[in-house]
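Close look at the chain arrangement
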Amino acid sequence: MKKITLVILIFFAISAQGQNKVFSGISEYYDTMSSSWQNYSGLNFDYDSNNNLISETGFEWSQDEWKNYSKTTFTYNANNKITERLDQSWNETTNSYENYAKETYTYTSGKPTEIVYYEWSSPNWVLVDKTVISYNGNNLPSAALSYLWDGMQWVNDGRFTTTYNANQKLTEDLGEKWINSNWANDYKSLYTYDSNNKLVTVRFATWDDFNNNWDETDRTDYELDANGNRTKTTYSGSFDSKLEYNYDTSSLMASFANPFNDKSGVDYFAEDFPHINKVLGYNEFAYNTQTSSFEQNGRTTYNYSNYITLATEKREIAKTTLTVFPNPTTSILNFQYSDKITMDKINIIDIAGKIVMKQNQNLNTINVEKLPKGLYIIESFSGKDKFQTKFIKN
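First, a word on scope: everything that follows refers to the structure included in this document. Quantities reported herein were computed from a predicted structural model and do not represent experimental measurements. Here the residue numbers are simple positions, counted from 1 along each chain's written sequence. At least 70 in pLDDT is required for a residue's local features to be given in this predicted model, at least 80 for side-chain atom pairs to be given and counted, and no such filter applies to totals for whole chains, interfaces and linings, which use all residues. Just so you know, side-chain values use all the structure's heavy atoms and leave hydrogens and water out.

1. Observations regarding the environment of methionine 33
A helix here means a DSSP run of H or I that spans at least four residues, while a strand means a run of E at least two residues long, and both kinds are numbered starting from the N terminus. Mapped onto the elements of the fold, methionine 33 is located in the loop between β1 (24–31) and β2 (36–47). Partly exposed describes any residue whose relative accessible area lies between the buried limit of under 20% and the exposed limit of over 50%, with all areas from a 1.4 Å probe on protein chains only and scaled to the type maximum. We classify methionine 33 as exposed; its relative accessible area is 54%. C-alpha of methionine 33 to C-alpha of serine 382: the two residues are 349 residues apart in sequence and 9.9 Å apart in space.

Okay, here's the thing in structure tokens:
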């Protein structure tokens, strides 16, 4: 009887452990041609014994199966603070992950004070830039200086300063760029809060040198429920879109190992942690100027019980290929196809699997100047056919 009871207890312990974390997330797009949802990317999440996220493995949906795409690995110190982020991309030829970029974190008194960014140039890591962070008396980031490595030394690149209100909430951040040995306005963000000190609006502006004033380009509005969950995020400006989140309000997010937790101690200094309750996923909408309404075009579902698994069967790869150039790029990206086909739309997806840009006109080029540096997926669609490739934004 004792043996049977022990087996039952072990079984329930394993079952309970298997349900207390976010295993994976799958993103889908709505295919208007077939009027159905289609997979396009996914992520598997792994954690250490302290529930720190130690890896995100990215997948792309191609030829009706999941295929490796990327991997991000996180390393932590004894205080459970991130010390290194390693980004790798999947090489289909060598059938292995290859280094792409990494960040290292240095801490002083438990706070991150220096972040150094490297890019991989086989067989060595090459310095690219670094950010040095300083703090105010309330241990909140007050300023940051960014430097570029010119091959010999660090040179000024940008400066970031913050302003807080009496409740220690960020109200403004100002970005400046180093030009002709002087600091010049570059961008700024303004933050607005509700009566509960919850962030509700972020307005972003860039400096117009010609008119000598600030030009508001983008705005983000947040809606919260009574528990403080972020239920809706609306983006307006360069690309009008919105996200609507779904929750299980009977469970707290803190009860689960999850990929959203603060890794450095200051990940959320500029915003509130978005998920108080167990987040189930979110729906994506793009604004249709012809119908003057938001239309759902994507959705992401988080899985609390299973990982994404790779198919063992290999299928024939489509003959038509997509090439982008220049790659890497700083702004304009051109598209070239091996066959003469007509494209319907283009998506750009970041390493986390989120669609960050869409375009359904002028499909021969796209301007990615406003995207952060990093590795991205390009997806182009022609009817029911989808073509993918990768590019690097410098």
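There is more to say after this.
2. A few points about the packing of aromatic side chains
The way to describe two aromatic rings as a pair is by their centre distance and the angle between their planes. Pairing of aromatic rings covers Phe, Tyr and Trp, the last counted by its six-membered ring, and requires centre-to-centre distances within 6.5 Å; plane angles under 30 degrees mean stacked, over 60 mean edge-to-face, and any other angle means tilted. Under the criterion given, the structure shown has 17 aromatic pairs. Pairing tyrosine 287 with phenylalanine 294 gives two aromatic rings, centres 5.1 Å apart and planes at 70°, and the pair type is edge-to-face. Centroid distance tyrosine 376 to phenylalanine 391: 5.5 Å. Interplanar angle 20°. Geometry classified as stacked. Placement of the pair is tyrosine 376 in strand β24 (residues 374–382) and phenylalanine 391 in strand β25 (residues 385–393), with a sequence separation of 15 residues. For the pair tyrosine 376 and phenylalanine 391, a shared accessibility class is recorded, and that class is buried. An aromatic cluster of at least three residues, connected via ring pairs, comprises Tyr245, Phe260, Tyr282 and Tyr302. The criterion for a charge sitting over a ring is simple: Lys NZ or Arg CZ within 6 Å of the ring centre, and within 35 degrees of the ring normal. The aromatic ring of tyrosine 135 is capped on one face by lysine 111, whose charged end is 5.4 Å from the ring centroid. Positioned above the aromatic ring of phenylalanine 74 is the side chain of lysine 263, whose terminal nitrogen or guanidinium carbon lies 5.3 Å from the ring centre.

3. A closer look at the nonpolar core
Here the nonpolar core consists of buried residues drawn from Ala, Val, Leu, Ile, Met, Phe, Trp, Tyr and Cys, with membership extended through side-chain atoms lying within 4.5 Å. Counting residues in each nonpolar core, the largest one holds 21 residues, and the members touching the most others are Val22, Met253, Val279, Tyr302 and Tyr304. Those elements that place two or more of their residues in this core are β2, β4 (65–76), β6 (96–108), β16 (241–252) and β17 (277–288). Contact between two residues is taken to exist if any of their heavy atoms lie within 4.5 Å; hydrogens are not considered. Residue contacts for tyrosine 302: discarding those within four places in its chain leaves Val22, Ser24, Gly25, Phe260, Val279, Leu280, Gly281 and Tyr282. Residues Met343, Ile378, Phe387 and Phe391 belong to the second largest nonpolar core, which totals 16 residues.

4. Notes on the pairing of strand β13 (residues 199–208)
Note on pairing: DSSP must find at least two bridges between two strands before they are called paired. Summarising the sheet, strand β12 (residues 182–193) and β13 pair through 7 bridges and their orientation is antiparallel. Bridge pairing links lysine 188 to alanine 205 in β13. Connecting β12 to the next strand, β13, in antiparallel fashion are 5 residues, including asparagine 197 with a positive phi near 60°. For β13 and strand β14 (residues 213–224), the ladder comprises 8 bridges, and the chain directions are antiparallel. Residue pairing for β14: threonine 206 is matched across the bridge by aspartate 215. Taking the residues between adjacent antiparallel strands as the criterion, β13 and β14 are bridged by 4 residues, where asparagine 212 takes a positive phi near 60°.

5. As for empty space enclosed by the protein
Space inside and on the surface of the protein is sampled on a 1 Å grid over the protein atoms alone, with a cavity defined as a set of points where a 1.4 Å probe fits but cannot get out and a pocket as an open set with protein on both sides within 12 Å along at least 5 of 7 lines; lining residues have an atom within 4 Å of a point. Grid points are joined across faces, edges and corners, and a volume is the space filled by probe spheres set on the points. Applying the stated rule across the entire model yields 2 cavities of 30 Å³ or more. Taken together, Leu199, Tyr222, Leu224, Gly228, Arg230, Asp272, Phe273 and Pro274 make up the full set of residues lining the second largest cavity. Residues are sorted three ways: Asp, Glu, Lys and Arg are charged, Ala, Val, Leu, Ile, Met, Phe, Trp, Tyr, Cys and Pro are nonpolar, and all the rest, Gly among them, are polar. For the lining of the second largest cavity, the per-class residue count stands at 5 nonpolar, 1 polar and 2 charged.

6. Focus on the pattern of salt bridges
What counts as a salt bridge is simple: a side-chain nitrogen of Lys or Arg found within 4 Å of a carboxyl oxygen of Asp or Glu. Inspection of the entire model under this criterion finds 12 salt bridges. Aspartate 129 is paired through a salt bridge with lysine 373; the nearest N and O atoms lie 3.3 Å apart. With a gap of 244 residues between them, aspartate 129 in strand β8 (residues 124–135) and lysine 373 in the loop between β23 (365–367) and β24 connect regions that are remote in the sequence. Taking the relative accessible area as the measure of exposure, aspartate 129 reaches 15% and is therefore buried. The shortest N-O distance in the salt bridge between arginine 230 and glutamate 271 comes to 2.8 Å. In this pair, arginine 230 sits in strand β15 (residues 230–236) while glutamate 271 sits in the loop between β16 and β17, placing the two residues 41 residues apart along the sequence. Put simply, Glu223, Lys232, Lys242 and Glu244 are held in one network by salt bridges that share partners.

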